[in-house]
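# Per-entry structural report
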Amino acid sequence: MSGKRSWLVVLFALPLTLGQSCSESLESPDTSEPPVVVPPVVVPPVTPPPPPPPPPVWQPKIFEPVEVTNKSSKRVLTADEIGYVWLIYCSGILSPPTIDQHGPDPTALRVDTNGPIASYHNIFCRFPIDGQSGEVRTALLNLFCLEDSSEGSDDGTSIGISRILEDWDPKRNFGEPWTLFCEPEWSFSETIDNYWVETSLVGQWYSFDITEPYQKWSSNEWDNYGLMFEARGWFGDFASFASAQYPDESKRPWVLTYHQPALQLKMPLPAGKAWVLTVEAGGESCLGFDKHHTGRNFYSLDFSYSSAKYDSDGKVRTSSEAVVPILAAADGVVSEVGKTSANGNYVVINHEPEGYSTHYLHMQDDLLVVNAGDYVNQGDCLGIMGNTGDFSEGVHLHFGVKWNNDGTKDVSQLTNEVTLEGRPLQDFKVNCEGNNYYTSTNQ
Ligand SMILES: [Zn+2]
């Protein structure tokens, strides 16, 4: 299918183009006969879908899409990933400390401009950035400030951040390639930013913004040879921070990254209606825990029509006569169209970035309008909400989101990087009082 269209348009157009329809009023194609050319006649829908107005007690509580601000990940750096090097600048005397096997105090990372015999301490860090499939919006290196000298200046230490341009090994003994430090030009590094560490920050966290190098490492624009932090300016200025071997683990260096959503889904149901959530991610429902929503179905949501009502036993009754089109939650390629005894008629769509998929279960018989291999746009019709499959106990949509065919709660990509109508999946909660509705912007 190509082009985004409303489900109503799909209802009219599909019988002419695909021989199948999202409307239950239309007959299934007879595959034993050659296709018949049908003149373009506009057929009004026989079963109009207007929902009955909800009773007053069910006044929709509308959740507006909000920007997700808490999608972040934290990486505590190891002693191999951050340390300091004591170097004697161009003296020809190369002392042997290696990174983080240094000095009298391995618990501190130090930058200074004037140690003995024109020596310097610089912080070096280099850490892998794998496993971050979402676009990084902000990356911060957080260091806990232990000490800061105002000697030689008024109120702090100027610290420059450089990206390192050449490969290096934190375990290598001082020597090669550290002779590079003695070159007239510091050709092994390139300054990318400067900071001023205030004396008043002693005993507090200091966040160095490393967004630019992080993004360029992620995009392979820069080779990830790490960063160097050095004191600049007045002789005598220094600052020290808790190292990766600092006794209090909570004060060790760490990198915080904020991500853009990798996959932004819309509700798989039409706009302009209110939808009730009967089972939330993790399996909670008004009937108790739903055993079909564990494991690989952990990030699955069950939606029903807004005319759903709860009986005295808490069971959801839905309006089975309504035609509810199921819409693609995002652009992608249909990877599976099938039917199983448990899932009924189902469709799976693979999305970009690779590895993400959405799953649509229990749709009505003979009304699936996509085939495996089809490219679908967000909002394209897939089929009609139904009650097929042994795991369905009423007309509803089981909507699953998976990554690498997994959907367990350990998959951080799902929690951090997939949003539904701008909100994390786990924000969608059942409300057994019956007054929680969710609205869609999909069409
Ligand atoms: Zn379900």
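Residues numbered from 1 in each chain as written. Predicted model: local features only at pLDDT ≥ 70, side-chain atom pairs only at ≥ 80, totals over all residues. Heavy atoms only, no water.

## Focus on the packing of aromatic side chains
One pass over the full model with this rule turns up 12 aromatic pairs. When the ring of Phe-298 is compared with that of Tyr-299, the centres are 5.1 Å apart and the planes differ by 70°; the resulting orientation is edge-to-face. Each ring, one from Tyr-360 and one from Phe-399, has its centre 5.4 Å from the other, and the planes form 50°; the classification is tilted. Of the two residues, Tyr-360 sits in strand β22 (residues 356–363) while Phe-399 sits in strand β25 (residues 397–403), which places them 39 residues apart along the sequence. Each of the two residues, Tyr-360 as well as Phe-399, counts as buried. Each residue in the set Tyr-206, Phe-208, Phe-229 and Phe-241 is aromatic and connected to the rest through ring pairs, giving one cluster. Directly above the ring of Trp-222 sits Arg-163, whose terminal nitrogen or CZ lies 3.9 Å from the centroid. Lying across the ring of Phe-428, Arg-423 places its NZ or CZ 5.4 Å from the centre. (Phe/Tyr/Trp six-rings, centres within 6.5 Å; stacked < 30°, edge-to-face > 60°. Helix = DSSP H or I, 4+ residues; strand = E, 2+ residues; numbered from the N terminus. Buried < 20%, exposed > 50% of the residue type's maximum accessible area, 1.4 Å probe, protein only. Lys NZ or Arg CZ within 6 Å of the ring centre and 35° of its normal.)

## Here's the deal with the nonpolar core
In terms of nonpolar packing, the biggest core is built from 44 residues, with Leu-265, Phe-303, Val-347, Tyr-360, Leu-382, Phe-399 and Leu-420 touching the most fellow members. Non-local contacts of Leu-420, meaning those with residues more than four positions away in its chain, are made with Leu-265, Lys-266, Met-267, Leu-301, Phe-303, Phe-399, Leu-425 and Phe-428. Leu-109, Cys-125, Ile-129 and Phe-241 belong to the second-largest nonpolar core, a separate cluster that totals 32 residues. (Core = buried A, V, L, I, M, F, W, Y, C linked by side-chain atoms within 4.5 Å. Contact = heavy atoms within 4.5 Å.)

## Looking at the pattern of salt bridges
Pairing is possible between side chains that carry opposite charge, provided their charged atoms lie close to one another. All told, the structure shown has eight salt bridges when counted by the stated rule. Between Glu-280 and Lys-429 there is a salt bridge whose closest N-O contact spans 3.5 Å. Of this pair, Glu-280 sits in the loop between β13 (274–279) and β14 (284–285) while Lys-429 sits in the loop between β27 (423–424) and β28 (438–439), placing them 149 residues apart in sequence. A relative accessible area of 38% means that Lys-429 is categorised as partly exposed. The shortest N-O distance in the salt bridge between Asp-365 and Lys-339 comes to 2.7 Å. Here Asp-365 is found in the loop between β22 and β23 (375–376), whereas its partner Lys-339 is found in strand β20 (residues 332–340), with 26 residues between them in sequence. In this structure Asp-365 comes out as partly exposed when scored by relative accessible area, which is 37%. Residue Lys-339 is classed as exposed on the basis of its relative accessible area, which comes to 52%. (Salt bridge = Lys/Arg side-chain N within 4 Å of Asp/Glu carboxyl O.)

## So, the side chain of Gln-364
Of note, Gln-364 is situated in the loop between β22 and β23. A relative accessible area of 16% places Gln-364 in the buried class. Within the structure, Gln-364 has its side chain in polar contact with the backbone oxygen of Met-385 (distance 3.1 Å). (Polar contact = N/O pair within 3.5 Å; in protein donor to acceptor, adjacent residues only side chain to side chain.)

## Some points on the confidence of the model for the chain
When pLDDT is averaged along the chain, the result is 74, and 64% of the positions lie at 70 or above. Model confidence for the chain, summarised as mean pLDDT per element, is weakest for helix α1 (residues 7–17) at 39 and strongest for β23 at 97. Confidence over residues 53–70 falls short of pLDDT 50; this stretch has 33 contacts with residues more than four positions distant or in other chains. Across residues 172–185 the pLDDT falls below 50, and counting only partners more than four positions away or on other chains, this stretch makes 31 contacts in the model. (pLDDT = per-residue confidence, 0-100.)

## A word on the pairing of strand β9 (residues 227–232)
Counting buried residues in β9 gives five out of six residues, a clear majority hidden from the surface. Pairing of strand β6 (residues 156–164) with β9 involves six bridges; the strand directions are antiparallel. Following the sheet pairing, Ser-158 is matched in β9 by Arg-232. (Pairing = 2+ DSSP bridges.)

## A few points about the sheet that holds strand β12 (residues 263–265)
With respect to topology, three strands assemble into an open sheet ordered β12-β26-β27, the strand pairing being mixed. A single partner strand is all that each edge strand has here, and the edge strands are β12 and β27. Inspection of the sheet shows strand β26 (residues 418–420) paired to β27 by two bridges, in the antiparallel sense. Residue pairing in the sheet places Thr-419 in a bridge with Pro-424 of β27.

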